[in-house]
Amino acid sequence: MTAPRLLLLLGQSPFDPTSGAAQSMRQIAELLATQGFAVRALATTGCEGDTDQEHPAWLTAGGGIRSAYPVSRSTICMYLSSIRAEYNTN
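Here the residue numbers are simple positions, counted from 1 along each chain's written sequence. Note on the predicted model: pLDDT of at least 70 is required for a residue's local features to be given, and 80 or more for side-chain atom pairs to be given and counted; whole-chain, interface and lining totals, by contrast, use all residues. Hydrogens and waters are ignored; side-chain quantities use all the structure's heavy atoms.

Engineer: I keep staring at the pairing of strand β2 (residues 38-43) and nothing clicks. Help me out?
Structural biologist: When a strand is regular, its side chains alternate between the sheet's two faces. Pairing geometry for strand β1 (residues 5-10) and β2, over six bridges, is parallel. Along β2, the bridge assignment pairs Leu 6 with Val 39. Once the chain exits β1 it traverses helix α1 (residues 20-34) before rejoining the sheet at β2, and the crossover so formed is right-handed. Here, strands pair whenever DSSP counts at least two bridges between them. Strands here mean DSSP runs of E at least two residues long; helices mean DSSP runs of H or I at least four residues long; both are numbered from the N terminus. Crossovers are marked right-handed if the path from the first strand over the helix to the second runs clockwise, as seen with the strands pointing away from the viewer.

Spelled out as C-alpha cells, the structure:
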C-alpha cells in the first residue's frame, strides 16, 4: 500500500516569521510527514512583513534549507509535472 501523499504549495515562505498561516501549513505538513504521509513542498521566499535580513539568506543560514534561489516559471512547471508523473505511476 502506498503512503498518502500531500503536495504543499505556498505563495510565500513557510518560514515567514510574520505569517502564522504559512507557519501553520508548514507545521501541519511536517506533522503529516511524521505520520507516514509522503510530503513534497514548493514555496517562495516572499514574506508578508519585514524580516531582519534578506529572507533567502536567512533560510540557508539557519532555516534548515540547503538552497534558496530564484527560479523561473518554466522550472516550477517542470517540477510540478515531475511530481504529477510520479503520482500517476503509483
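Engineer: How do you make sense of the pattern of salt bridges when you look at a structure like this?
Structural biologist: One side chain can pair with another of opposite charge once the charged atoms of both are near each other. Counted as salt bridges are all cases of a side-chain nitrogen of Lys or Arg within 4 Å of a carboxyl oxygen of Asp or Glu. Applying the stated criterion across every chain yields a total of one salt bridge. Where Glu 30 meets Arg 26, a salt bridge forms, and the shortest distance between an N and an O atom there is 3.2 Å. Placement of the pair is Glu 30 and Arg 26 together in helix α1, with a separation of four residues, close to one helical turn. Burial classes: relative accessible area under 20% of the type maximum marks a residue as buried, over 50% as exposed, and values in between as partly exposed (1.4 Å probe, protein chains only). Accessibility expressed as a relative area gives 40% for Glu 30, which makes it partly exposed.

Engineer: Help me out: how do you make sense of the environment of Met 25 in this one?
Structural biologist: Position of Met 25 relative to the elements: it lies in helix α1. Separated by 15 residues in sequence, Met 25 and Leu 10 place their C-alpha atoms 8.6 Å apart. Contacts are assigned to residue pairs with any non-hydrogen atoms lying within 4.5 Å of each other. With residues near it in sequence (within four places) discarded, Met 25 still touches Leu 8 and Leu 10.

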